[in-house]
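# Secondary and tertiary structure notes
Below are the chains, spelled out letter by letter.
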Amino acid sequence: MSANASSVDENVELWKMKKLIKGLEAARGNGTSMISLILPPKSQIPQFTAMLATEHGAASNIKSRVNRLSVMAAIASAQQRLKLYTRTPTNGLVIYCGTVVTDEGKEKKVNFDFEPFKPINTTLYMCDNKFHVEALAELLETDSRFGFIVMDGSGCLFGAICGNSREILHQFSVDLPKKHGRGGQSAQRFGRIREEKRHHYVRKVAETAVQMFINDNKVNVSGLILAGSAEFKNDLFKSDLFDPRLFSTVIKTVDVSYGGENGFDQAINLSQEALANVKFVQEKKLIDKFFNEISQDTGKISYGMSDTLKALDMGAVETLIVWENLEATRYVFRDADGSEVERVLTPIQESDRTNFLDSSTGAELELVSKEPFLEWMAEVYKQKGAILEFITDKSPEGSQFVTGFGGIGGLLRWQLDVTQLGGENMDDLYYDDDDEEAPPEEDFDDYF
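Reference entry: report on the structure contained in this document.

What counts and how
- Residues numbered from 1 in each chain as written.
- Predicted model: local features only at pLDDT ≥ 70, side-chain atom pairs only at ≥ 80, totals over all residues.
- Heavy atoms only, no water.
- Helix = DSSP H or I, 4+ residues; strand = E, 2+ residues; numbered from the N terminus.
- Buried < 20%, exposed > 50% of the residue type's maximum accessible area, 1.4 Å probe, protein only.
- Contact = heavy atoms within 4.5 Å.
- Areas by Shrake-Rupley, 256 points an atom, 1.4 Å probe, with all protein chains shown as cover.
- Salt bridge = Lys/Arg side-chain N within 4 Å of Asp/Glu carboxyl O.
- Polar contact = N/O pair within 3.5 Å; in protein donor to acceptor, adjacent residues only side chain to side chain.
- Pairing = 2+ DSSP bridges.
- Axes fitted to C-alpha atoms, helices over the stretch in contact; angles between N-to-C directions.
- 1 Å grid on protein atoms, 1.4 Å probe; cavity = no way out; pocket = protein on both sides within 12 Å on 5 of 7 lines; lining within 4 Å.
- Points joined across faces, edges and corners; volume = space filled by probe spheres on them.
- Nonpolar A, V, L, I, M, F, W, Y, C, P; charged D, E, K, R; others polar.
- Phe/Tyr/Trp six-rings, centres within 6.5 Å; stacked < 30°, edge-to-face > 60°.

## Concerning the overall build of the protein
Of regular secondary structure, the protein possesses 15 helices and 18 strands. Taking all 448 residues of the protein together, 44% fall into the buried category. Residue pairs at least 24 apart in sequence account for 70% of intrachain contacts in the protein once pairs closer than 6 positions are excluded. When the accessible surface of the protein is summed, it comes to about 23,700 Å², and 47% of that surface belongs to carbon and sulfur atoms.

What follows is the structure, encoded as structure tokens:
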């Protein structure tokens, strides 16, 4: 369960990073007033502080007064952000400072400083009319680590790949007797010796695999590929000696012409399609589980904004499934009695003025706060006792979930008839977008 929770947390962080990157990419400024600063792990803060001081002095020579002041202000903001850190965080440090131009043509100062959710091995300082997010985008592409076991009659190699980096974890050689037709009455004895040595070889590979790919009782790779030029890979896969935890993560077995490092490279090339489809397969399994609960009429699912949020408030939702581009905003109002009223509205529902009125009196509600629904959910899903899973609409199953179920649903811990909960008052709290779907529209003002 802890491994699953860790994986879910990383998926939520990935989603947050995607949203942040979209917002930063869309931002534009006048001149070169936008600073992008990235410090890799173990960087020396004083070194970058001195660099910024030098850049601040050089900026004073910019001829354009407006651009000069904007650049110097951005560098000063970056210096102030850097002073907040006595040492570089474990995963590095990312700072974005500058003046951006909003859709209304107004200038707005923005400042971001944060530690990435995983190590960022890039050093960058850039002063431009946009923020440079390429290094952050690379983190999204390298979020999965895959293990390889390449075994043949001469030895075994254990390797791993993560994004564009390849790593040989361990390798050893073996001397196995070959088949022969000589020996007379001793032929059976030679055969038994050969089989025993092959068995010991498979045992050693299985034991070493546990050491390489399991840490703290958790598998440390997203998937495992077995490769080889003989039947050894199949013997390992079928063997009772192969750890069940690793057996369940095997996504492909491939035949290669070589052993060792050359075989490793060949196995990577032959596994490209399988590696690319791992997230696709995981998403498909999740949505298939949701559809199976519906077909079996277990009563342990909810779908649509209204019903799902009711179940979530009760603590009944075990896994919350949400489309990663779901357009909705969470509003908190205050009525005439001083009570808070919460509503989640789609863009189309926001254009209906009645959604901002008290349902009992017709009086206009006082706005307390508003925020994107997905951002709010990414912060509170743990408090609700749920696991949060973001899905895309790129697979047939994902597309059906988005169009047919409103892009939000839940796998429940127990049977629950949400239509019998709360009555009319509960229905006033949440709005379902099953009947109307807003056109996709990106608005990143909330990030700046």
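## Concerning the pattern of salt bridges
According to the stated counting rule, one finds 13 salt bridges in the structure shown. Salt-bridge contacts for Glu379 lead to Lys16; the nearest nitrogen and oxygen are separated by 2.9 Å. You can see Glu379 sitting in helix 13 (residues 373–380) and its partner Lys16 sitting in helix 1 (residues 2–26), a full 363 residues away along the chain. Classification of Lys16 as partly exposed rests on a relative accessible area of 25%. What you see here is one network of salt bridges that share partners, running through Lys284, Asp288 and Glu397.

## Description of the environment of Lys384
In this structure, Lys384 sits in the loop between helix 13 and strand 17 (387–391). Each C-alpha atom, one on Lys384 and one on Asp313, is 6.8 Å from the other, the two residues being 71 residues apart in sequence. Contact partners of Lys384, with chain neighbours within four places excluded, come to Leu312, Asp313, Gly315 and Trp376. A distance of 3.0 Å separates the side chain of Lys384 from the side chain of Asp313, its partner in a polar contact.

## Details of the side chain of Thr298
Looking at the element boundaries, Thr298 is found in the loop between helix 10 (278–295) and strand 12 (301–303). Leave out the neighbours within four places in its chain, and Thr298 touches Glu293 and Gln415.

## Topic: the sheet that holds strand 4 (residues 124–128)
If you trace the four strands from one edge of the open sheet to the other, you get 3-2-1-4, paired in antiparallel fashion. Two strands in the sheet have a free side with no partner beyond their single neighbour: strand 3 (107–114) and strand 4. Looking at each pair of strands side by side, their axes are set apart by 5° on average, direction ignored. Inspection of the sheet shows strand 2 (residues 93–101) paired to strand 3 by eight bridges, in the antiparallel sense. Across the sheet, residue Val101 finds its bridge partner in strand 3, namely Glu107. Against the sheet, helix 2 (residues 45–59) engages strand 1 (34–39) and strand 4, with an angle of about 160° to strand 1. Against the sheet, helix 3 (residues 65–82) makes contact with strand 1, strand 2, strand 3 and strand 4, and its axis sits at roughly 150° relative to strand 2, the strand it touches most.

## Looking at empty space enclosed by the protein
Counted by the stated rule, this structure contains one cavity of 30 Å³ or more. As a volume, the largest cavity reaches approximately 40 Å³. Taken together, Ala73, Ala74, Ser77, Gly98, Thr99, Lys109, Val110 and Asn111 make up the lining of the largest cavity. Of all the elements in the fold, those that place two or more residues in the lining of the largest cavity are helix 3, strand 2 and strand 3. Among the residues making up the lining of the largest cavity, the classes are represented as three nonpolar, four polar and one charged.

## What about the packing of aromatic side chains?
Under the definition given, this model contains 18 aromatic pairs. Taken together, a centroid distance of 6.2 Å and an interplanar angle of 90° make the contact between Phe172 and Tyr201 edge-to-face. With Phe172 in strand 7 (residues 165–173) and Tyr201 in helix 5 (residues 187–213), the pair connects residues that are 29 residues apart, well separated along the chain. Geometrically, the ring pair formed by Tyr201 and Phe232 is edge-to-face, given 5.2 Å between the ring centres and 75° between the ring planes. Here Tyr201 is found in helix 5, whereas its partner Phe232 is found in helix 6 (residues 232–238), with 31 residues between them in sequence. For the pair formed by Tyr201 and Phe232, the shared burial category is buried.

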